[in-house]
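In case you want the letters, here they are:
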Amino acid sequence: MLTKPRLLAHAATAALLVLATPALARAETLTLKADRYLDVARGVLVSPAVIIIKDRAITAVNPSQPPTTDRTLELPGLTLMPGLMDAHTHLTLDVARGWRHDAVTKTAGDLALIGAANAEKTLMAGFTTIRDLGAADFADVAIARAVEDGLTPGPHIIAAGHATGITGGHCDITGYVPSVLPPSPERGIADSPDEFTKAVRYQIKYGARVVKICATAGVMSDEASVGAQQPSLAELKAAADEAHRHGLKIAAHAVGEAGVIAAAEAGVDSIEHASLLTPAAAEVVRRHGAYLVPTLYLLDAVDPASLPPALMKKGLQIREASKESFKLALRAKLKIVFGTDAGVYPHGDNAKEFYVRTQLGQSALEAVRSSTLYASALLDVPDRGQIKVGLLADLIAVEGDPLTDVRILENVRFVMKEGHVYKQPPRP
Ligand SMILES: [Zn+2]
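Residues numbered from 1 in each chain as written. Predicted model: local features only at pLDDT ≥ 70, side-chain atom pairs only at ≥ 80, totals over all residues. Heavy atoms only, no water.

Draft legend 1. View of the coordination of the zinc ion. With distances of 2.0 to 2.2 Å, the protein atoms coordinating the zinc ion are His88 (NE2), His90 (NE2) and Asp341 (OD). The sequence pattern describing where the donors of the zinc ion fall on their chain is H-x1-H-x250-D. On the accessibility criterion, His90 (11% relative accessible area) is buried. (Donors = N, O, S within 2.8 Å, 3.2 Å for Na, K, Ca; no water. Buried < 20%, exposed > 50% of the residue type's maximum accessible area, 1.4 Å probe, protein only.)

In structure tokens, the structure reads:
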């Protein structure tokens, strides 16, 4: 921690450094003015919006006596909102640019640089916090640290390290001879409760801040099944218990009924995809209080014909079922958080998920809350998700009312993270 006098002296010489070190506390104060802001908790637009920001945080919202600040920034015609959050991304993955052989052709350095470019695209699209759910060689942890240190622009990143699953399962890279990529808990391949415990401990040791496991088969891997359960309940439970002992959340990729039920019973915090949800599985998820993170936009964004034939078949199998599963989750009143699997479709298009959800019956307000208010609970970041005194100044601005047209979230005009401006409309 810097002492106060040092902090002030630092700020005086830091005008140029601010760009490179957005995460540093600054003594500067700012008045941010816009036509209105969205109060996500109350679900109303408040007009006008006068937000006072100091040292990365919001210190006043529409004060009756606005204080004098060092700077004023006006955003005429725009609506301020809390920064968006995406609970399921893969920054180091770019399916459109080829991915099948990444594991044997790309070094950790390659992956980190690819991921850093994608982190910037994600931030510029209005996403100020993301979870990255699975990357090789801790490239995701490296990006998260570089962003935190101000070396490269990006959202706050909660990284998982290697996603953990069984030998030959959805988290394993298959199709190579045994001498290539030998499976190990260190790389997220585990075959007993003890190995799951070890795999989780290893990811945490090297910087994971969320644990990701593969509870079932999936589309983008080589198993014949699209959604069969893979680890046993005991293995899933070992992973969940270990994550929780470290105070971390655990996310489970789970497509089919048995795996969704086992993951919920094991105590995971979020079920990812849940593409083949059934009423019985929804009931177990509800009873255990797990969140659901459906990923729907990618179903329309990825051309099945672009996938290898076996994967294409699985993709088509879950396409309509995923949408029905989402409707079922809404009817069952499950806790739903916004996630997209970015990387399977191009990074920066994350907000396209909102429209798909509203087309399937979720209200625009609930969709926005799932990416702000509810996401802050699942991601365990109570310091963001609303425009409120004391919270981080992670703010975006759009034109118009996102509650009447959620598609305006696809065109974010202003992005601020921790009080630092990354994107701003051109001056008239
Ligand atoms: Zn994923």
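From this point, things continue past the structure.
Draft legend 2. How the structure looks around the side chain of Lys212. Here Lys212 shows up in strand S9 (residues 211–214). We note that Lys212 is buried and unpaired, the nearest opposite charge coming from Asp341 at a distance of 6.2 Å. A distance of 3.1 Å separates a polar atom in the side chain of Lys212 from the backbone oxygen of Leu133. Residue contacts for Lys212: discarding those within four places in its chain leaves His88, His90, Leu133, Ala160, His162, Ala163, Thr164, Ala251 and His253. (Helix = DSSP H or I, 4+ residues; strand = E, 2+ residues; numbered from the N terminus. Lys, Arg positive; Asp, Glu negative; His and termini not counted. Salt bridge = Lys/Arg side-chain N within 4 Å of Asp/Glu carboxyl O. Polar contact = N/O pair within 3.5 Å; in protein donor to acceptor, adjacent residues only side chain to side chain. Contact = heavy atoms within 4.5 Å.)

Draft legend 3. Examining the domain arrangement of the protein more closely. Parsing the protein into structural domains produces domain 1 (4–83 + 386–423) and domain 2 (84–378). The C-alpha-based centres of domain 1 and domain 2 are spaced at 30 Å. Facing the 29 residues of domain 1 at the interface are 29 residues of domain 2. The interface formed by domain 1 and domain 2 holds zero salt bridges in total. Put simply, domain 1 and domain 2 have five residue pairs in polar contact (both at pLDDT 80 or more) between them. (Domains from an automatic or database assignment.)

Draft legend 4. The sheet that holds strand S8 (residues 156–159), seen in detail. Spatial strand order, S6-S7-S8: three strands in an open sheet with parallel pairing. What marks the edges here is a single partner per strand, and that holds for strand S6 (84–89) and S8. Direction aside, neighbouring strands of the sheet carry axes that sit 15° apart on average. Inspection of the sheet shows S6 paired to strand S7 (residues 127–132) by four bridges, in the parallel sense. Across the sheet, Thr89 pairs through a bridge with Asp132, a residue of S7. (Pairing = 2+ DSSP bridges. Axes fitted to C-alpha atoms, helices over the stretch in contact; angles between N-to-C directions.)

Draft legend 5. Up close: the nonpolar core. In terms of nonpolar packing, the biggest core is built from 57 residues, with Ile213, Ile250, Ile271, Leu277, Val285 and Leu292 touching the most fellow members. Contributions of two or more residues to this core are made by helix H6 (193–205), S9, helix H7 (233–245), strand S10 (250–254), helix H8 (257–266), helix H9 (279–288), helix H10 (297–301) and helix H11 (309–331). In terms of residue count, the dominant contributor to this core is H8 (six residues). Setting aside its immediate chain neighbours within four residues, Val285 contacts Val260, Ala264, Ile271, Ala290, Leu292 and Leu334. Formed by 35 residues, the second largest nonpolar core is a distinct cluster that contains Ala144, Ile157, Val368 and Val406. (Core = buried A, V, L, I, M, F, W, Y, C linked by side-chain atoms within 4.5 Å.)

Draft legend 6. Structural view of the state of the cysteines. The tally for this structure, following the rule as stated, stands at one disulfide. A sulfur-sulfur separation of 1.9 Å characterises the disulfide bridge that pairs Cys171 with Cys214. Note on the Cys171 and Cys214 pair: the S-S dihedral is about 80°, so by sign convention the disulfide is right-handed. Linking Cys171 in the loop between S8 and H6 with Cys214 in strand S9, this pair joins segments that are 43 residues apart in sequence. By relative accessible area, Cys171 is classed as buried at 16%. The exposure class assigned to Cys214 is buried, which follows from its relative accessible area of 1%. (Disulfide = S-S within 2.5 Å.)

Draft legend 7. Summary view of helix H4 (residues 108–124). Between its terminal C-alpha atoms H4 stretches 24 Å, which fits the 24 Å expected from 17 residues at 1.5 Å a residue. For H4, every residue scored as buried is listed here: Leu111, Ala112, Ile114, Gly115, Ala116, Asn118, Ala119, Thr122, Leu123 and Met124. Elements that come into contact with the buried residues of H4 comprise S7, helix H5 (139–148), S8, strand S15 (414–417) and strand S16 (420–423). Taken from the residues just after H4, Gly126 is the one with a positive phi, measuring 100°. (Expected span 1.5 Å × (residues − 1).)

Draft legend 8. Highlighting the packing of H6 against H7. It is the contact of H6 with H7, at a shortest axis distance of 8 Å, that shows an interaxial angle of 30°. Accordingly, the angle class assigned to the pair H6 and H7 is roughly parallel. Pair H6 / H7 crosses with right-handed handedness. Within the contact between the two elements, H6 uses Pro193, Phe196, Thr197, Val200 and Arg201 and H7 uses Ala234, Glu235, Ala238, Ala239, Glu242 and Ala243. Within the contact of H6 with H7, the residues separate by chemical class into seven nonpolar, one polar and three charged. (Parallel < 35°, antiparallel > 145°, perpendicular 65-115°, else oblique. Left-handed = near helix turned anticlockwise from the far one by under 90°. Nonpolar A, V, L, I, M, F, W, Y, C, P; charged D, E, K, R; others polar.)

Draft legend 9. Representation of the packing of H8 against H9 within the structure. Orientation of H8 relative to H9, taken along the N-to-C sense of each, is 10°, at an axis distance of 9 Å. Accordingly, the angle class assigned to the pair H8 and H9 is roughly parallel. Here Glu257, Val260, Ile261, Ala264 and Glu265 of H8 come into contact with H9, specifically with Ala280, Ala281, Val284, Val285 and His288. By residue class, the composition of the contact of H8 with H9 is seven nonpolar, one polar and two charged.

Draft legend 10. Quick look at unusual backbone geometry. Following Ser47, the chain continues into Pro48 via a peptide bond in cis, with omega recorded as -10°. Mapped onto the elements, Pro48 comes out in the loop between strand S2 (44–46) and strand S3 (49–54). Within the chain, Arg56 stands out as a residue other than glycine whose phi angle is a positive 75°. Take Arg56: it is sitting in the loop between S3 and strand S4 (57–61). Unlike most non-glycine residues, Asp380 shows phi in positive territory, near 60°. Tracing the sequence through the fold places Asp380 in the loop between helix H14 (373–378) and strand S14 (395–399).

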